[in-house]
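# A closer look at the structure
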Amino acid sequence: QELKGEVRFERVSFFHSDHPVLHNVSFHAQPGQTIGLLGETGAGKTSLLHLIPRLYEKHSGEIYLDDNPIEVFDTKSLRKQISLVPQDVHLFSGSVRSNIAWGKENAKMSEVVEAAKQAQIHSFIKTLPDGYDTVLGQKGVTFSGGQKQRLSIARALVRKPKILILDDSTSALDAYTEMKLLNSLKTQQCTVFIVAQKISSLKEANQILLLHQGKLIAQGSHEELLNESPYYREVFQS
Ligand code: CTP
Ligand code: MG
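Description of the structure in this document. (Residues numbered from 1 in each chain as written. Chains lettered and ligands numbered in written order. Predicted model: local features only at pLDDT ≥ 70, side-chain atom pairs only at ≥ 80, totals over all residues. Heavy atoms only, no water.)

## A few points about the site of ligand 1
Where we set the bar: Being near a molecule or strand, for a residue, comes down to having at least one heavy atom within 4 Å of it. Two N or O atoms form a polar contact when they lie within 3.5 Å of each other; inside protein one atom must be a possible hydrogen donor and the other a possible acceptor, and for residues adjacent in sequence the pair counts only when both atoms belong to side chains. Note on areas: these come from Shrake-Rupley sampling with a 1.4 Å probe, and a residue is covered only by the protein chains present in the view. Think of it this way: any DSSP run of H or I at least four residues long counts as a helix, any run of E at least two long counts as a strand, and we number them from the N terminus. Under this grouping Gly is polar, as are all residues other than the nonpolar Ala, Val, Leu, Ile, Met, Phe, Trp, Tyr, Cys and Pro and the charged Asp, Glu, Lys and Arg.
The environment of ligand 1 is made up of His16, His19, Val21, Glu40, Thr41, Gly42, Ala43, Gly44, Lys45, Thr46, Ser47 and Gln87. Separating an oxygen atom of ligand 1 from a backbone N or O atom of Ala43 is a distance of 3.2 Å. Here an oxygen atom of ligand 1 and a side-chain polar atom of Ser47 are 2.6 Å apart. Here ligand 1 has 610 Å² of accessible area as a free molecule, and 64% of this is covered by the chains. Looking at the shell around ligand 1, the elements with two or more residues in it are β2 (19-29) and α1 (45-51). Of the residues forming the shell around ligand 1, the biggest block, 3 residues, is contributed by α1. Per-class residue counts for the shell around ligand 1 are 2 nonpolar, 8 polar and 2 charged.

Below, the structure written as structure tokens:
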């Protein structure tokens, strides 16, 4: 089934073995929206996001994608349309091109370049000795943390996802590069979930979900949260 990118959680709770991780979480993301996730370490951000491509299964409450219960989608077709950039970037010692095309081996060169441009890593790749054919780890080519993050975002984008999940994937980017990246995603027609610690990364989000110990303690735009949530003001305004 083709996804449109709408995601709805209704009173979703989730346990890791016996450990409660998410408690009664409800939100509604419209296709094309950017949803920010904010919360201290261990708050449940990664767990929540892993439920969307069904990497975690057993939850209570309902998750809907475009009004269909998530259970009706087979995981293979879901994961084709939902790109998740994990918190720990994984690159291998192949070429830059094959690293970007990983998981979509039939990607055309033009698609690889397009994804790299959107991820703000194309101009860096052009400076490498063999450009897109440069092999990572060879000839002393190493990538910085932020370059690795952008490469893995390019890998996610080359699949033209309907839902893009960035789990702390922009933490090593400077604010300017991150802003350019987020702007280029806006032209993508995909729903974006972004975990970030910097308020500057989330200011433009349509909604911010503020998680605390597995509970959604506030949700709204940056301005709304500033007005309504003392916790948001205190912890994250600085
Ligand atoms: N957890 C667990 N088993 C796992 C993954 C997570 O028991 N396989 C627990 C963690 O110990 C934590 C809770 O689930 O108490 C939420 O973890 P997570 O969703 O990973 O939290 P994040 O908000 O993503 O934390 P961080 O900012 O550190 O990534
Ligand atoms: Mg996490």
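## As for the sheet that holds β2
Rules: Strand pairing is assigned whenever DSSP identifies at least 2 bridges connecting the two strands.
Taken in spatial order, the 4 strands make up an open sheet running β2-β1-β4-β5, and their pairing is antiparallel. The open sheet has two edge strands, β2 and β5 (68-69), and neither has a second partner. In this sheet, strand β4 (residues 59-65) lies alongside strand β1 (residues 7-16) in antiparallel orientation, the contact comprising 6 bridges. Paired with Glu10 across the strands is Glu62, a residue of β4.

## Concerning the packing of aromatic side chains
This is how it is decided: Centre distance within 6.5 Å is the pairing criterion for rings of Phe, Tyr and Trp, where only the six-membered ring of Trp is used; planes under 30 degrees apart are then read as stacked, over 60 as edge-to-face, and the remainder as tilted. Classification of residues uses two cut-offs on accessible area relative to the type maximum, computed with a 1.4 Å probe and protein chains only: under 20% is buried, over 50% is exposed, and between them is partly exposed.
Applying the stated rule across the entire model yields 4 aromatic pairs. Ring geometry for Phe14 and Tyr56: centres 5.2 Å apart, planes at 15°, overall stacked. Separated by 42 residues along the polypeptide, Phe14 in strand β1 and Tyr56 in the loop between α1 and β4 bring together distant segments of the chain. Taking relative accessible area as the criterion, Phe14 reaches 4% and is therefore assigned buried.

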